[in-house]
Amino acid sequence: MNSRNGHACVKGADGVRTDMPLDIDPGVFEPSPEPEIPPGIDVEAEIRRLKRERNAVILAHYYQAPEIQDMADFVGDSLDLSRKAAATDADVIAFCGVRFMAEVAKILSPTKTVVLPDERAGCSLEISCPPDEFAAFRRAHPDHLAITYINCSAAVKAESDIIVTSSNAEHIIRQIPEEQPILFAPDRHLGAFLSRRTGRDMLLWPGVCIVHERFSAREIAKLKAHHPDAPVAAHPECPDAVLALADHVGSTSSILQFATAHPARTIIVATEPHIIHQMRKRCPDKTFIGAPGADGNCNCNMCPFMAMNSLEKLYVALRDLRPRIAVDEKTRLRALRPLERMLEMSPKTVGAGDLSMIGERVAATGGR
Ligand code: 13P
Ligand code: SF4
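Residues numbered from 1 in each chain as written. Chains lettered and ligands numbered in written order. Predicted model: local features only at pLDDT ≥ 70, side-chain atom pairs only at ≥ 80, totals over all residues.

**Re the overall build of the protein**
Stage number 1. Helices and strands together make up the secondary structure of the protein, namely 16 helices and 14 strands.
Stage number 2. Counting all 368 residues of the protein, 51% fall into the buried class.
Stage number 3. Long-range pairs, those at least 24 residues apart, make up 68% of the contacts in the protein with a sequence separation of at least 6. (Helix = DSSP H or I, 4+ residues; strand = E, 2+ residues; numbered from the N terminus. Buried ≥ 20, exposed ≤ 12 C-beta atoms within 10 Å, placed from the backbone. Contact = placed C-beta atoms within 7 Å.)

As structure tokens, then:
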């Protein structure tokens, strides 16, 4: 038994603690108000004009609304977007995703102006891992290497040894010597999945993604019964019972690649449903079914944080260069090291890794 902030931290048979409820202040789900756009403004045309004027690049995650994905120069998963942010020669990065992603862009490209259309766009995994508690957890396990999922704050990255994404986590963990104890935070389901895949006994932080946590194995089993030839692709943030029903488990990029390449005409998708926009663009003849949550309703699987961004907020962000991401220099330098280790340790990961070619194709066809 380990202890974290006064709570019992029980390592079960699969290494996962299951007893910690995530107390989220309902206020964090409140988006910033929609901006008032003067009448007569063509928001999409203005975004294109401002992008040229400011030498800006628009990066978007697959969970963004279709109209934002279609406005982006590049659409990708967390790893793809980190690499793009590190490599771009733009002066401004308009990051259409959530705060931790925009922070990574700022950490990797400190001289650039990074804007996030809605500064309130957080992530339940970030919320579930307060930096001071994580630092205390680390201090309690000084012999453990802290491998930390990129879905966390800059301050938690600064306390970590290596950052990973769902694309490269397995690849990176396999490079760590067997005898080295590992602590993995903050996603307990991804951690448990990696532990099973690699055979490594890892100490897991009990955070969850409130979106993926809601997928229901019972509802997916019902769907499979109706569509017996449809494979299931799932994100590793889903609970174990859901992953047990999946034909493919991987990052958003790898789910997209699987759905595109698989010969089946119908695919069941157990991740945030906005990714289906890219699937339909690539394979208009296929049917993609978003897996429902426990109440049989797909809508509860939309990420409330990703949904805070809008084209109007993107326009204002490019116009005013706000909300602007800032990371204090001391934290940035400490967070940079584990991020650089990630990039060094996963240079050629593909599929469960670098699908930037797919991202490039989106940029080529994505309505710049
Ligand atoms: P990916 O790195 O697979 O895009 O996942 C990001 C995320 O937030 C999943 O919930
Ligand atoms: Fe965070 Fe989950 Fe939303 Fe991804 S889907 S940004 S992990 S809350």
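**Points about the site of ligand 1**
Stage number 1. Around ligand 1, the surrounding shell consists of D77, S78, N151, T165, S166, C209, H235, E237, S251 and T252.
Stage number 2. Residue classes in the shell around ligand 1 are distributed as 1 nonpolar, 7 polar and 2 charged. (Near = placed C-beta within 6 Å. Nonpolar A, V, L, I, M, F, W, Y, C, P; charged D, E, K, R; others polar.)

**A short note on the site of ligand 2**
Stage number 1. By nearness alone, 14 residues border ligand 2, and C123, S124, C209, V211 and C303 come closest of all.
Stage number 2. A class-by-class count of the residues in the shell around ligand 2 yields 9 nonpolar, 3 polar and 2 charged.

**Looking at the pairing of strand β9 (residues 182-185)**
Stage number 1. Burial along β9 is two-sided: the face carrying I182 and F184 and the face carrying L183 and A185 are both buried.
Stage number 2. Here strand β7 (residues 145-149) runs beside β9; their pairing, made up of 4 bridges, is parallel. Each bridged residue has a counterpart across the sheet, and for A146 the counterpart in β9 is L183.
Stage number 3. Of the pairings in the sheet, the one linking β9 to strand β10 (residues 202-204) comprises 3 bridges and is parallel in character. Each residue of the ladder has a partner; that of I182, found in β10, is M202. (Pairing = 2+ DSSP bridges.)

**Thoughts on helix α12 (residues 252-261)**
Stage number 1. With 8 of its 10 residues buried, α12 lies for the most part within the structure.
Stage number 2. When α12 is considered as a whole, its buried residues turn out to be T252, S253, S254, I255, L256, Q257, F258 and A259.

**A look at the sheet that holds strand β14 (residues 287-290)**
Stage number 1. Pairing is parallel across the open sheet formed by 4 strands, whose spatial order is β12-β11-β13-β14. Since the sheet does not close on itself, it has two edges, and those belong to β12 (248-249) and β14, each with one partner.
Stage number 2. Examined bridge by bridge, strand β11 (residues 232-234) and strand β13 (residues 266-270) share 3 bridges and lie parallel to one another. The residue of β13 that forms the bridge with V232 is I268.

**Some points on the confidence of the model for the protein**
Stage number 1. The share of residues in the protein with pLDDT of 70 or more is 87%, and the mean pLDDT across the chain is 89.
Stage number 2. Low pLDDT, under 50, characterises residues 350-368; the stretch is placed with 43 contacts to residues that sit more than four places away or in other chains. (pLDDT = per-residue confidence, 0-100.)

**What to know about the nonpolar core**
Stage number 1. Ranked by internal contacts, the top residues of the largest apolar core, which has 107 residues, are L59, A94, F95, A233, V269 and A270.
Stage number 2. Sort the elements by how many residues they give to this core and helix α4 (residues 99-108) lands first, with 7 residues.
Stage number 3. A domain split of this core shows at least three residues from each of domain 1 (42-120 + 306-333 + 347-365) and domain 2 (212-301).
Stage number 4. Ignoring any residue separated from it by four or fewer positions in sequence, one finds V269 in contact with A233, I255, A259, I275, I276, F288, I289, G290 and A291. (Core = buried A, V, L, I, M, F, W, Y, C linked by C-beta atoms within 7 Å. Domains from an automatic or database assignment.)

**Structural notes on the packing of α4 against helix α15 (residues 329-345)**
Stage number 1. Here α4 crosses α15 at 95°, and the two axes come no closer than 9 Å. By the angle between their axes, α4 is roughly perpendicular relative to α15. Two secondary-structure elements touch here, α4 through V104, I107 and L108 and α15 through R332, A335, L336 and L339.
Stage number 2. Class assignment for the residues of the contact of α4 with α15 results in 6 nonpolar, no polar and 1 charged. (Axes fitted to C-alpha atoms, helices over the stretch in contact; angles between N-to-C directions. Parallel < 35°, antiparallel > 145°, perpendicular 65-115°, else oblique.)

**Focus on the sheet that holds β10**
Stage number 1. With respect to topology, 4 strands assemble into an open sheet ordered β8-β7-β9-β10, the strand pairing being parallel. This sheet does not close on itself; its edge strands, each paired only once, are β8 (162-164) and β10. Taking the axes of each pair of neighbouring strands and ignoring which way they run, one obtains an average angle of 30° across the sheet.
Stage number 2. Lying on the sheet, helix α9 (residues 188-198) is in contact with β7, β9 and β10; it crosses β10 at an angle near 170°.
Stage number 3. Here α15 sits on the sheet in contact with β7 and β8, set at roughly 60° to β8.

**Thoughts on the packing of helix α3 (residues 78-87) against α4**
Two packed helices can be described by the angle between their axes and the distance between those axes.
Stage number 1. Between α3 and α4, the least distance of the axes is 8 Å, while the angle of their chain directions is 35°. For the pair α3 and α4, the sense of crossing is right-handed. Contacts between α3 and α4 involve S78, L81, S82, A85 and A86 from the former and M101, V104, A105 and L108 from the latter.
Stage number 2. Of the residues assigned to the contact of α3 with α4, the class counts are 7 nonpolar, 2 polar and no charged. (Left-handed = near helix turned anticlockwise from the far one by under 90°.)

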